[in-house]
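# Tertiary structure, described
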Amino acid sequence: MASENPFRSILKALEKPDGGEFGNYYSLPALNDPRIDKLPYSIRILLESAIRNCDEFQVKSNDVEKILDWENTSPKQVEIPFKPARVLLQDFTGVPAVVDLACMRDAMNNLGGDSNKINPLVPVDLVIDHSVQVDVARSENAVQANMELEFQRNKERFAFLKWGSNAFHNMLVVPPGSGIVHQVNLEYLARVVFNTNGLLYPDSVVGTDSHTTMIDGLGVAGWGVGGIEAEATMLGQPMSMVLPGVVGFKLTGKLRDGMTATDLVLTVTQMLRKHGVVGKFVEFYGEGMRELSLADRATIANMSPEYGATMGFFPVDHVTLQYLRLTGRSDDTVSMIEAYLRANKMFVDYSEPESKTVYSSCLELNLEDVEPCVSGPKRPHDRVPLKEMKADWHSCLDNRVGFKGFAVPKEAQSKAVEFNFNGTTAQLRHGDVVIAAITSCTNTSNPSVMLGAALVAKKACELGLEVKPWIKTSLAPGSGVVTKYLAKSGLQKYLNQLGFSIVGYGCTTCIGNSGDIHEAVASAIVDNDLVASAVLSGNRNFEGRVHPLTRANYLASPPLVVAYALAGTVDIDFETQPIGTGKDGKQIFFRDIWPSNKEVAEVVQSSVLPDMFKATYEAITKGNSMWNQLSVASGTLYEWDPKSTYIHEPPYFKGMTMSPPGPHGVKDAYCLLNFGDSITTDHISPAGSIHKDSPAAKYLMERGVDRRDFNSYGSRRGNDEIMARGTFANIRIVNKHLKGEVGPKTVHIPTGEKLSVFDAAMIRAAVSCFREQLVKAEKYRTEGRDTIILAGAEYGSGSSRDWAAKGPMLLGVKAVISKSFERIHRSNLVGMGIIPLCFKTGEDAETLGLTGQELYTIDLPNNVSEIKPGQDVTVITNNGKSFTCTLRFDTEVELAYFDHGGILQYVIRNLIKQ
């Protein structure tokens with residue numbers, strides 16, 4: 001049982017400079033332990049949390065010692081508990097989280113427990129930001145038009161979240177139209193230091209979006225977790241994590257003129273991917289930090305998932321404090337933050353001697369070496385220097401189909417296709433840009449690149465350049481602050497003139513909410529098998545994510561997005577080829593429209609003001625008229641509507657008993673899908689638009705939903721029936737069972753039938769795959785067969801999506817065997833009761849001679865106490881092959897989840913016992 005905190009003796013008062021006290025805090029210096037000075041700043045946050053929450057039950061003194069001895073313990077993969085200060089949700093993941101909480105209340109009732117125990121015990125911030133579909137673009141009325149359409153589509157979903165904000169305590173819901181979750185977090189929600197009832201402690205956060213890491217740029221420790229894990233954290237459960245190694249990344253020098261934060265982050269991403277930082281923290285330090293704005297730091301921190309780290313952390317320093325004042329935090333708050341962090345050895349002061357921090361390994365980058373670049377065409381870490389772009393593009397056309405190849409025959413590479421656009425004859429070629437979007441949390445919170453893009457637009461307009469009218473251009477700011485400083489600068493009109501009108505405040509093109517491109521353009525692409533391009537200021541460009549018809553997708557800074565829109569193609573050398581012809585008939589080059597750092601700095605200085613942040617977030621707390629008019633029920637138990645196609649009661653807890661079902665193995669399982677490397681959560685989880693011929697579309701049409709009202713998978717994440725049907729439905733997925741064919745199908749091994757993945761698994765009605773429930777199913781299920789998935793390296797990379805685990809579970813998948821897993825996705829599989837296994841180093845399905853046609857048996861003991869984290873497990877096939885895998889239950893707590901059938905079942909049973 002829990003006991004009194006054994007570290008109460010180091011609880012000290014923090015005095016104000018002018019007398020009085022800020023509050024009390026657990027003082028790290030009071031430990032008098034010399035190891036603290038060597039700890040990376042990010043590890044000191046874990047240490048403080050363990051000390052403050054130590055109760056010798058959930059967090060033990062031994063856990064504190066493990067963290068203090070980080071230099072020696074981190075290489076040993078030791079397990080520690082961590083209790084974050086708060087949880088961050090966005091609506092696509094927030095809806096299923098609130099659905100699960102509502103179901104858990106029902107389950108507590110059914111088991112005789114107190115349903116009111118199902119309440120967040122830590123602050124939960126939920127920002128509705130993923131609802132902006134770019135239906136209307138290139139119009140100064142786009143914001144209102146898109147908002148009205150979104151409320152029409154999502155009224156039921158929005159009302160459900162509004163119900164949740166009233167039904168559950170400690171939950172703040174930020175209404176739609178306010179901004180992107182990570183920018184709102186950076187500018188408004190982040191506390192940096194909490195003061196809760198007079199107790200001071202560092203802000204820390206886990207979020208259900210992988211780019212939660214953006215907040216690391218503010219010195220707040222934060223990263224993405226699975227929705228299931230976030231729900232457990234809300235309910236007071238400590239996160240179980242392996243004490244990470246920390247890679248020190250030293251920055252020196254200063255960015256050269258004309259370089260952007262995007263150029264820097266793409267360079268950093270490539271370096272860190274090459275170094276290998278999966279499962280580690282990255283901590284930035286060095287003299288170059290003085291020259292790096294907070295917005296630039298946040299840009300680098302944001303792309304932690306793309307370089308594979310758990311965090312890209314920037315400790316708090318004078319730059320952080322300046323940003324807090326800029327964004328409207330009060331002087332008293334900033335004073336308290338500085339005083340606490342200095343007192344607790346968590347503040348970096350460059351006027352003092354360099355600290356003796358020890359890192360697991362180190363990298364170094366001279367900022368002067370950064371050069372203009374983009375990344376693509378299919379992965380964010382495939383950086384291409386701008387000067388090499390044209391040559392790289394032609395290599396991609398030549399190369400066989402892959403991450404850097406489209407296999408377009410030489411004779412077809414230069415073909416020009418004519419089409420009719422609104423009565424005018426136009427042409428399209430391979431590489432022509434059809435979508436150009438200034439979007440995404442990565443860049444839209446950075447005034448330098450946003451105003452830099454506006455300066456490019458100004459110069460282009462003054463020279464007479466135009467964007468072709470069939471290119472779908474859009475601008476989606478991360479918050480209303482961007483609108484204010486673009487307006488004050490007088491530059492928004494030039495962006496409007498080029499078609500970059502504001503379409504809304506939230507995630508758009510980067511998340512797949514691109515909307516339709518013009519029908520004539522779409523037909524020209526499809527009918528002629530063109531490799532069309534999208535250029536976006538995003539962080540993800542996996543094939544099929546941005547738009548089904550853009551096979552080449554390049555990540556670029558906002559100014560470069562404007563430049564490529566003007567050029568109309570990625571098949572261009574900006575150094576030697578003109579972007580276009582000006583109004584006087586002269587050729588205009590890239591250098592003619594690119595602003596200097598001085599020009600950008602001047603407009604940032606004059607246009608970005610603290611009052612803008614205050615006004616924007618005061619308005620957010622008041623909501624908007626459409627949100628405020630939503631009427632919702634007042635009960636604490638949700639009244640499920642069985643006819644709803646948005647919110648549906650999932651079957652996770654039906655038939656649940658107080659006794660855990662125990663662990664399970666796999667017996668004679670078929671391979672449902674056989675994958676290669678880099679299968680992302682975009683391939684697995686339902687995302688983007690619902691294809692008219694998909695099982696999900698059939699389900700909706702059977703219930704009277706018109707095709708124009710399908711909405712997106714993301715908007716229907718609260719309906720398990722639709723999400724199960726959309727799992728593995730990505731049109732670009734490559735399944736080895738199909739022998740070269742690309743698409744969302746598989747082969748039913750016993751019959752050889754080619755079916756949709758859902759139809760092969762064939763789950764009917766509200767079916768649960770938890771072992772403790774009755775199952776009604778056909779195909780593999782009615783044959784009494786389990787199924788598994790074979791995969792290569794980096795299985796589950798990309799955005800953290802709980803449905804990438806929930807969906808396979810509902811399809812009956814019992815285990816995934818891969819070369820390696822993305823961190824969050826492995827955690828989600830564990831949370832849903834799916835066994836994660838890794839091939840031994842140097843082995844995979846191909847080297848072992850596995851075809852995926854075999855039957856697979858995985859023996860595990862029936863008693864969880866006989867299973868150890870990371871132990872070896874033998875897999876046997878029906879044709880006599882056997883091989884050894886590593887069981888990727890990484891901690892004892894994860895084994896407890898497996899024993900209970902999933903993390904939420906574990907939480908419910910434990911809450912009832914309390």
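As named in an unreviewed UniProt entry, the protein chain is Aconitate hydratase, taken from Arabidopsis arenosa. Reading the Sequence similarities (unreviewed entry) entry of the UniProt record for the protein chain gives the comment "Belongs to the aconitase/IPM isomerase family." Taken from UniProt, the Catalytic activity (unreviewed entry) comment for the protein chain reads in full: "citrate = D-threo-isocitrate".

## Describing the sheet that holds strand E13 (residues 281-285)
Here we have four strands laid out as an open sheet, ordered E14-E13-E12-E15, and parallel in their pairing. Either end of the sheet is taken by a strand with one partner, and the two such strands are strand E14 (311-313) and strand E15 (361-366). Each adjacent strand pair in this sheet contributes to an overall mean axis angle of 20°, direction not counted. Strands in contact with helix H1 (residues 41-52) are strand E12 (246-252), E13 and E14; relative to E13, the strand with the most contacts, it is inclined by about 125°.

## Examining the sheet that holds strand E8 (residues 199-202)
Strands sit in the order E1-E2-E8-E7 across an open sheet of four strands; the sheet is mixed. Edge strands, defined here as strands with exactly one partner in the open sheet, are strand E1 (11-15) and strand E7 (193-196). Pairs of neighbouring strands in the sheet enclose a mean axial angle of 40°, with direction left out of account. Inspection of the sheet shows strand E2 (residues 21-26) paired to E8 by two bridges, in the parallel sense. In the sheet register, Tyr25 faces E8, and the bridge partner there is Leu200. In this fold H1 packs onto E2 and E8, with an angle of close to 145° to the strand it touches most, E8. The strands that helix H12 (residues 331-343) touches are E1, E2, E7 and E8; relative to E2, the one it contacts most, it runs at about 35°.

## Quick word on helix H15 (residues 480-489)
In an α-helix, one turn spans 3.6 residues, which is why side chains three or four residues apart end up on the same side. Taken together, the buried positions of H15 are occupied by Gly480, Val481, Val482, Tyr485, Leu486 and Ser489. Contact partners of the buried residues in H15: helix H6 (181-189), helix H14 (447-463), strand E21 (472-475), helix H16 (492-497), helix H20 (597-607) and helix H21 (610-622). Once H15 finishes, Gly490 follows within two positions and takes phi at roughly 75°, a positive value.

## Structural notes on the packing of H15 against H21
Angle between the axes and distance between the axes: these two values describe a pair of packed helices. Two elements in contact, H15 and H21, have axes separated by 9 Å at closest approach and are oriented at 135°. Judged by the angle between their axes, H15 and H21 are oblique. Note on packing geometry: the crossing formed by H15 with H21 is right-handed. For the pair formed by H15 and H21, the contact residues are Gly480, Val481, Lys484, Tyr485 and Lys488 on the first element and Met612, Phe613, Ala615, Thr616 and Tyr617 on the second. Per-class residue counts for the contact of H15 with H21 are six nonpolar, two polar and two charged.

## Looking at the environment of Trp393
When you line up the elements, Trp393 lands in helix H13 (residues 389-398). A relative accessible area of 0% means that Trp393 is categorised as buried. For the pair formed by Trp393 and Phe406, sequence separation is 13 residues and the distance between their alpha carbons is 10.0 Å. When near neighbours in sequence (up to four residues on either side) are disregarded, Trp393 contacts Phe406, His430, Gly431, Val531, Ser533, Ala552, Tyr554, Val570 and Asp571.

## A few points about the packing of aromatic side chains
If you walk through the whole model with that rule in mind, you get 27 aromatic pairs. Taken together, a centroid distance of 5.2 Å and an interplanar angle of 20° make the contact between Tyr285 and Tyr359 stacked. Taken as a pair, Tyr285 in strand E13 and Tyr359 in the loop between H12 and E15 lie far apart in primary sequence, 74 residues in all. In this structure, Tyr285 and Tyr359 share a single accessibility class: buried. Measuring from ring centre to ring centre gives 5.0 Å for Tyr638 and Trp640, while their planes differ by 80°; the resulting arrangement is edge-to-face.

## Focus on the pattern of salt bridges
A complete count under the given rule lists 40 salt bridges for this structure. We note a salt bridge from Arg732 to Glu543, for which the minimum N-O separation is 3.8 Å. Remark: Glu543 occurs in the loop between strand E22 (533-536) and strand E23 (552-555) and Arg732 occurs in the loop between helix H25 (720-726) and strand E27 (745-748); sequence separation between them is 189 residues. Judged by its relative accessible area of 24%, Arg732 is partly exposed. The class for Glu543 is buried, based on a relative accessible area of 17%. Each of Asp33, Arg35, Glu65 and Asp69 takes part in a single network of salt bridges with overlapping partners.

## Re unusual backbone geometry
The step from Gly376 to Pro377 runs through a cis peptide bond, and the omega angle for that step is 10°. If you trace the backbone, Pro377 turns up in the loop between strand E16 (373-375) and strand E17 (383-385). Even without being glycine, Asn170 reaches a positive phi, approximately 70°. Turning to its location among the elements, Asn170 is positioned in the loop between helix H5 (142-167) and strand E6 (171-174). Even without a glycine there, the phi angle at Asn197 is positive, about 55°. Note on placement: Asn197 falls in the loop between E7 and E8.

## Focus: the environment of Ala552
With respect to the helices and strands, Ala552 occurs in strand E23. Between the C-alpha atom of Ala552 and that of Phe653, which follows or precedes it by 101 residues, the distance is 43 Å. Once residues within four sequence positions are removed from consideration, Ala552 is found in contact with Pro377, Trp393, Phe406, Val531, Ala532, Ser533 and Ala534.

## Notes on the side chain of Ser304
Mapped onto the elements, Ser304 comes out in helix H10 (residues 304-307). One polar contact links Ser304 to Tyr307, side chain to side chain, over a distance of 3.1 Å. Those residues in contact with Ser304 that sit more than four places away from it in its chain are Thr213, Ala309, Met311 and Gly312.

## Describing the packing of H6 against H21
Contact geometry for H6 and H21: axes closest at 11 Å, N-to-C directions at 110°. When the axes of H6 and H21 are compared, the pair comes out roughly perpendicular. Residues Gln183, Val184, Glu187 and Tyr188 of H6 lie in contact with H21, whose contacting residues are Phe613, Tyr617 and Thr621. Residues belonging to the contact of H6 with H21 are distributed by class as follows: four nonpolar, two polar and one charged.

Cut-off values and rules
- Residues numbered from 1 in each chain as written.
- Predicted model: local features only at pLDDT ≥ 70, side-chain atom pairs only at ≥ 80, totals over all residues.
- Heavy atoms only, no water.
- UniProt positions renumbered as here; feature names shortened; annotations may be inferred.
- Pairing = 2+ DSSP bridges.
- Helix = DSSP H or I, 4+ residues; strand = E, 2+ residues; numbered from the N terminus.
- Axes fitted to C-alpha atoms, helices over the stretch in contact; angles between N-to-C directions.
- Contact = heavy atoms within 4.5 Å.
- Buried < 20%, exposed > 50% of the residue type's maximum accessible area, 1.4 Å probe, protein only.
- Parallel < 35°, antiparallel > 145°, perpendicular 65-115°, else oblique.
- Left-handed = near helix turned anticlockwise from the far one by under 90°.
- Nonpolar A, V, L, I, M, F, W, Y, C, P; charged D, E, K, R; others polar.
- Phe/Tyr/Trp six-rings, centres within 6.5 Å; stacked < 30°, edge-to-face > 60°.
- Salt bridge = Lys/Arg side-chain N within 4 Å of Asp/Glu carboxyl O.
- Polar contact = N/O pair within 3.5 Å; in protein donor to acceptor, adjacent residues only side chain to side chain.

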